[in-house]
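For reference, the chains in residue letters:
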Amino acid sequence: MTETVRLTTSQALVRFLANQYSERDGQEQRLIPGAWGIFGHGNVAGLGQALLQAAVTGEAELPYYLARNEQGMVHAAVAYAKMRDRLAAFACTASTGPGSTNMLTGAALATTNRLPVLLLPSDMFATRAADPVLQQLEDARGGDVTVNDAFRAVSKYFDRVTRPEQLIPAALAAMRVLTDPVETGAVTLALPQDVQAEAYDWPVAFFRRRVWHVGRPVPEPAAVERAARLLRGARRPLIVAGGGTVYSGAGAELRAFAEATGIPVADTHAGKGAVPWDHPYAVGGIGSTGSYAANELAKDADLVLGIGTRYSDFTTASHTVFGDPDVTFVNLNVARLDAVKHSAEPLVADALLGIRELAAALGDWGTAPEYRARVRELVARTREIEERCFAPDRNGGGELPAQTQIIGALREVLDDRAVVINAAGSLPGDLQQLWRARDPKAYHVEYAYSCMGYEVAAGVGAKMADPSREVVVLVGDGSYLMMAQEIVTMVSEGLKVIVVLVQNHGFASIGSLSESLGSQRFGTKYRYRNGDSGLLDGEVLPVDLAANAASLGADVLHAASVDEFRTAMEKAKAADRTTVVHVETDLYGPNPPGHGWWDVPVSETSALDSTRTAHETYAAHKRAQRHYL
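Residues numbered from 1 in each chain as written. Predicted model: local features only at pLDDT ≥ 70, side-chain atom pairs only at ≥ 80, totals over all residues. Heavy atoms only, no water.

## Looking at the overall build of the chain
Step number 1: Counting its regular elements, the chain contains 24 helices and 23 strands.
Step number 2: The C-alpha radius of gyration computed for the chain amounts to 25 Å, which stays within 12% of the reference 25 Å derived for 629 residues, consistent with globular compactness.
Step number 3: With the principal axes as the frame, the chain shows a C-alpha extent of 75 × 70 × 55 Å.
Step number 4: Counting only residues that meet the buried cut, the chain has 59% of its 629 residues in that class.
Step number 5: The long-range fraction of contacts in the chain, counting pairs at least 24 apart against all pairs at least 6 apart in sequence, stands at 76%.
Step number 6: As displayed, the chain has an accessible area near 24,600 Å², and 52% of this comes from carbon and sulfur atoms.
Step number 7: Once the 59 positive and 73 negative side-chain charges of the chain are each reduced to a mean point, those two points are 4 Å apart. (Helix = DSSP H or I, 4+ residues; strand = E, 2+ residues; numbered from the N terminus. Rg over C-alpha atoms; globule rule 2.2 N^0.38 Å. Buried < 20%, exposed > 50% of the residue type's maximum accessible area, 1.4 Å probe, protein only. Contact = heavy atoms within 4.5 Å. Areas by Shrake-Rupley, 256 points an atom, 1.4 Å probe, with all protein chains shown as cover. Lys, Arg positive; Asp, Glu negative; His and termini not counted. Charge placed at Lys NZ, Arg CZ, Asp CG, Glu CD.)

Take a look at the structure:
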């Protein structure tokens, strides 16, 4: 007879998750290192009881962590997975209704970034004995519809467990997707609150120790030869390194490949640091907010070798950065979806193995000395541009320092292993041009979903993933106001994180974009409503974000100048608890010079002169936009 044990569905799930491991290249680690949760009536007696029982009895090791916002805990889980190269993924449990739907934004972020997280939203009664219950959505089209169906669109796998025994195939399928480098993202198991507490006789074998092997897909030899043939024919090739390069640990191989072939390496946000910023063939970020060198090389490139990139619109400058009308693409990617983009010659494989095979196939082939000399010249010119952004007179004559000066000072006081976290606003654009990363984990900018509110919560996850690193959350006041409450989690967990709070009393990024589109920075400043104009253009609001941070339990340091900021950062580094460094910067920049374009449509007709002028500029840019065929 099959040996069984009687447990609730929640107790079984906790025991199962505690016995899951991932393995790559012979290195094993816990696949599900713990569970984030906020309890309500939908999960307190189910998963809440199971996590408590596991902690008290020791029957399963699945540590529980309390977040302050359900979206925030998903962000923390995603940041942890990013730091661990997608080989570990936290579980997140939330109560029925709004608690669970609060996780939707985090789910979309995880799936867009292709980072694993296990979501366990509570659902309505499977028996429907008490319909409609508190927080239940009633849908006239069908009784089985709940708010959790919204997770289907943003999850790589979704299942609703309406009977205990359904958990067995559902849980196994969830682990399969979490450990698949092609399919990974948010995995959602919706758990009706009555099923969570229902008992069942589970086969003991369900709880055995399982090791999920994360493979490295091997490139097809014929595909390698096709790619190598195209590379050999190129005179002005350019590499675009994306996140897949980092997640596969292919940095050393990429550096060696660039040195052997003389092909310069541009990077996306997710790929920054795979090749150190001062490597002879590192040319910086590419695309809408890319560097001068990268975009100049892209303009003339006759072949683009994309490695582990999904080619977002920011990477391609909305299909304008690659200017050669006959440009050819070769895409090395573990996902065929990305490998075939831009009519490319696909090389579907793990980045590390693909680079190795390409290098072997190319032999002693390399670019011409003249091309390598041009790369050096463009990089030197780019360094001059960067240094001007850090210059003492960069504030444009205003009293407040420029954001670029703060970035320069921050880079001076941090070592190469320090992790800088950001996601939204004007900071990602400044960072892509100006941050000098030598370590692929030192640059942690979420720019697939670019979610305001990600930063503080991500600081929690990043620090948990690698406590040996200094973790610095670089956040503007707009993003801070979206979600600052996970500072409380940092404090409660005893995590030492530095939060650099850059306050400029508005949305600097959207304000600048609004101005360029003829919308006159409308609705982008934090101001009183003006009784005369009826607009939000009155005096600056008396908002004290530093006091807010202190009220959440953090130590707070103030800086009014670049020198004071350096001093405050040294104090924050020496501290042993979460510290917020508050600094005000100029809302109007200046920012680094732009070398790319981003397609944001402008009104075709308008009564405003500013909008009409902006549309003329927009139409001129559109003429350079095209499909790569």
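## Some remarks on the layout of surface pockets
Step number 1: Volume-wise, the largest pocket comes out at about 1,200 Å³.
Step number 2: Taken together, 41 residues make up the lining of the largest pocket; nearest its centre are Thr-289, Ser-509, Ser-512, Leu-513 and Trp-598.
Step number 3: Elements with a minimum of two residues in the lining of the largest pocket: helix 17 (427-434), helix 19 (477-482), helix 21 (508-516) and helix 24 (609-622).
Step number 4: Among the elements that make up the lining of the largest pocket, the one with the highest residue count is helix 21 (six residues).
Step number 5: Tallied by class, residues from the lining of the largest pocket come to 18 nonpolar, 21 polar and two charged.
Step number 6: Here the second largest pocket is characterised by a volume of approximately 270 Å³.
Step number 7: Forming the boundary of the second largest pocket are 19 residues, of which Phe-125, Arg-128, Gly-143, Asp-144 and Thr-146 lie nearest the centre.
Step number 8: Looking at the lining of the second largest pocket residue by residue, the class counts come to seven nonpolar, five polar and seven charged. (1 Å grid on protein atoms, 1.4 Å probe; cavity = no way out; pocket = protein on both sides within 12 Å on 5 of 7 lines; lining within 4 Å. Points joined across faces, edges and corners; volume = space filled by probe spheres on them. Nonpolar A, V, L, I, M, F, W, Y, C, P; charged D, E, K, R; others polar.)

## Section: the sheet that holds strand 12 (residues 237-241)
Step number 1: Reading across the sheet, the six strands line up as 14-13-12-15-16-17 and stay open at both edges, with parallel pairing between neighbours. Two strands in the sheet have a free side with no partner beyond their single neighbour: strand 14 (282-285) and strand 17 (345-348). Neighbour-to-neighbour, the strand axes of the sheet open up by a mean angle of 20°, direction not taken into account.
Step number 2: The pairing of strand 13 (residues 265-267) with strand 14 spans three bridges and is parallel. Pairing of Ala-266 across the sheet is with Gly-284, part of strand 14. (Pairing = 2+ DSSP bridges. Axes fitted to C-alpha atoms, helices over the stretch in contact; angles between N-to-C directions.)

## What to know about the pairing of strand 15 (residues 303-307)
Step number 1: Strand 15 sits mainly inside the fold: five of its five residues count as buried.
Step number 2: The alternating pattern of strand 15 places Leu-303, Leu-305 and Ile-307 on one face and Val-304 and Gly-306 on the opposite face, and all of these are buried.
Step number 3: For strand 12 and strand 15, the ladder comprises five bridges, and the chain directions are parallel. Bridged to Ala-241 within strand 15 is Ile-307.
Step number 4: Strand direction decides the pairing type here: strand 15 and strand 16 (residues 328-333), joined by five bridges, are parallel. In the strand pairing of strand 16, Gly-306 is matched with Asn-331.

## What about the pattern of salt bridges?
Step number 1: Using the criterion set out here, one finds 39 salt bridges in the structure.
Step number 2: For the salt bridge of Asp-139 with Arg-141, the shortest nitrogen-to-oxygen distance reads 2.6 Å.
Step number 3: Accessibility expressed as a relative area gives 18% for Asp-139, which makes it buried.
Step number 4: Asp-555 is paired through a salt bridge with Arg-577; the nearest N and O atoms lie 2.8 Å apart. With Asp-555 in strand 22 (residues 555-559) and Arg-577 in the loop between helix 23 (562-574) and strand 23 (579-584), this pair connects stretches of sequence that are 22 residues apart.
Step number 5: For Asp-555, a relative accessible area of 35% puts it in the partly exposed group. (Salt bridge = Lys/Arg side-chain N within 4 Å of Asp/Glu carboxyl O.)

## Quick look at empty space enclosed by the protein
Step number 1: Within this structure, the stated rule accounts for six cavities of 30 Å³ or more.
Step number 2: Every residue lining the largest cavity is counted, 43 residues in all, and those nearest its centre are Gly-242, Gly-243, Gly-244, Tyr-247 and Gly-308.
Step number 3: Sorting elements by how many residues they give to the lining of the largest cavity places helix 9 (residues 243-247) first, with three residues.
Step number 4: Empty space within the second largest cavity amounts to approximately 150 Å³.
Step number 5: Every residue lining the second largest cavity is counted, 18 residues in all, and those nearest its centre are Lys-272, Trp-277, Gly-284, Arg-383 and Trp-435.
Step number 6: Among the secondary structure elements, those contributing two or more residues to the lining of the second largest cavity are strand 14, helix 15 (369-390) and helix 17.
Step number 7: Residues that form the lining of the second largest cavity fall into these classes: seven nonpolar, six polar and five charged.

## A word on the packing of aromatic side chains
Step number 1: Taken as a whole and assessed by the stated rule, the structure comprises 17 aromatic pairs.
Step number 2: Residues Tyr-80 and Phe-90 carry aromatic rings whose centres are separated by 4.8 Å and whose planes lie at 90° to one another, so their mutual orientation is edge-to-face. Remark: Phe-90 occurs in the loop between helix 3 (70-83) and strand 6 (91-94) and Tyr-80 occurs in helix 3; sequence separation between them is ten residues. Taken individually, Tyr-80 and Phe-90 each receive the classification buried, so the pair is uniform in this respect.
Step number 3: A centroid spacing of 5.0 Å and a plane angle of 80° characterise the contact between Phe-314 and Tyr-447, whose relative ring orientation is edge-to-face. Here Phe-314, found in helix 12 (residues 313-316), pairs with Tyr-447, found in the loop between strand 19 (443-445) and helix 18 (454-465); they are 133 residues apart in sequence, far enough to count as distant.
Step number 4: An aromatic cluster of three or more residues is present, and its members are Phe-16, Tyr-200, Trp-202, Phe-206 and Phe-207.
Step number 5: Above the plane of the ring of Tyr-443 lies Lys-272, whose end atom (NZ or CZ) is 5.6 Å from the centre.
Step number 6: A cation over an aromatic ring shows up here: Arg-411 above the ring of Trp-435, its NZ or CZ 5.7 Å from the ring centre. (Phe/Tyr/Trp six-rings, centres within 6.5 Å; stacked < 30°, edge-to-face > 60°. Lys NZ or Arg CZ within 6 Å of the ring centre and 35° of its normal.)

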